[in-house]
Amino acid sequence: MELNRDNIQQLVDISQEKLVALVFWAEQMPETKALLTQMEQIAASYQGLLQLASVNCETQMELASYFRIQSLPTTLLLSQGQPIDGFAGALEEAKIREMLAKHLPAAWELALNEAKALLANGDAAAALPLIKQAHSEQPNGDVTLAYADISLTLGDIETAKTLLTTVKLEDQHGDYESLMSRVKLAEEAADTPEIRNLQQALEQNPGDFDVLAKLASALHQAQRNEEALELLFAPLQKDLNAANGALKQQLLTILSALGQGNPLASQYRRKLYSLLY
């Protein structure tokens, strides 16, 4: 964006929404053109988060005077219509990015906001990898609660429960209480008559692997995966070929369904490998 008297208000409006880098340069000064080219490349890498604008001080002397520019090149950062940072002369790219990082949202914030927007639009599946990314970088209260919300929406009660246990007391506000209530309701809904009957049958005959397998399957269908995996793993600790290998295969099938990035699946893969090797 080449700044002049006619579009300066447009630039002020843009700065209400995003950070603006304003470069003052001159056609007759190659070092200023080099900086402008460098800033163009840097701004492009931020994918719309940073608006680049320039002032050719040979043709827009009034604007240079308005911003009290004393040397060229000079770069100002604008937010809410006001200069908030900047530098005179050339600067290494790493230093420029270090300065920009003070004023631009972090990657985890962007991922969190995008995940929340997707969830609000009913696309929890698309929100999941974004919230996982945010949580891996910054597992604070807001991110953890959003992760639990998305997990519950997708029916992953256990992940939601695990996440909620990590929320600090100061972050246990209204959203936390709401999510805890949703967990309780989801658990009640998952406690089906079929599961209760199979649990009772297994209590009466703990060695009945057929009933055990049916119960594990029912628990998995109800998203009670930790209980299902624990149930299947117990007899495998004593005999890896229990039920002619059927229990091990069922456990592997559930692990595959949970996916590579699932923490519970990773935990039980390690436990299984410890038995194998």
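What comes next concerns the included structure. (Residues numbered from 1 in each chain as written. Predicted model: local features only at pLDDT ≥ 70, side-chain atom pairs only at ≥ 80, totals over all residues. Heavy atoms only, no water.)

What to know about the sheet that holds strand S2 (residues 50-56)
Then comes step 1: Pairing is mixed across the open sheet formed by 4 strands, whose spatial order is S2-S1-S3-S4. Of all strands in the sheet, those bounded by a partner on one side alone are S2 and strand S4 (82-88). Ignoring strand direction, the axes of neighbouring strands in this sheet form an average angle of 25°.
Then comes step 2: Both strand S3 (residues 74-79) and S4 contribute to a ladder of 6 bridges, which runs antiparallel. In the strand pairing of S4, Leu77 is matched with Asp85.
Then comes step 3: Contacts from helix H2 (residues 30-45) reach strand S1 (19-25), S2, S3 and S4, with the element oriented near 165° to S1. (Pairing = 2+ DSSP bridges. Helix = DSSP H or I, 4+ residues; strand = E, 2+ residues; numbered from the N terminus. Axes fitted to C-alpha atoms, helices over the stretch in contact; angles between N-to-C directions. Contact = heavy atoms within 4.5 Å.)

Observations regarding the nonpolar core
Then comes step 1: Judged by nonpolar contacts, the single largest core of 51 residues is most densely connected at Ile131, Leu164 and Leu251.
Then comes step 2: In this view, Leu164 contacts Leu145, Ala148, Tyr176, Leu179, Met180 and Val183; residues no more than four positions away in its chain are not counted.
Then comes step 3: In this structure, Ala21, Met39, Ile96 and Leu104 belong to the second largest nonpolar core, which totals 18 residues. (Core = buried A, V, L, I, M, F, W, Y, C linked by side-chain atoms within 4.5 Å. Buried < 20%, exposed > 50% of the residue type's maximum accessible area, 1.4 Å probe, protein only.)

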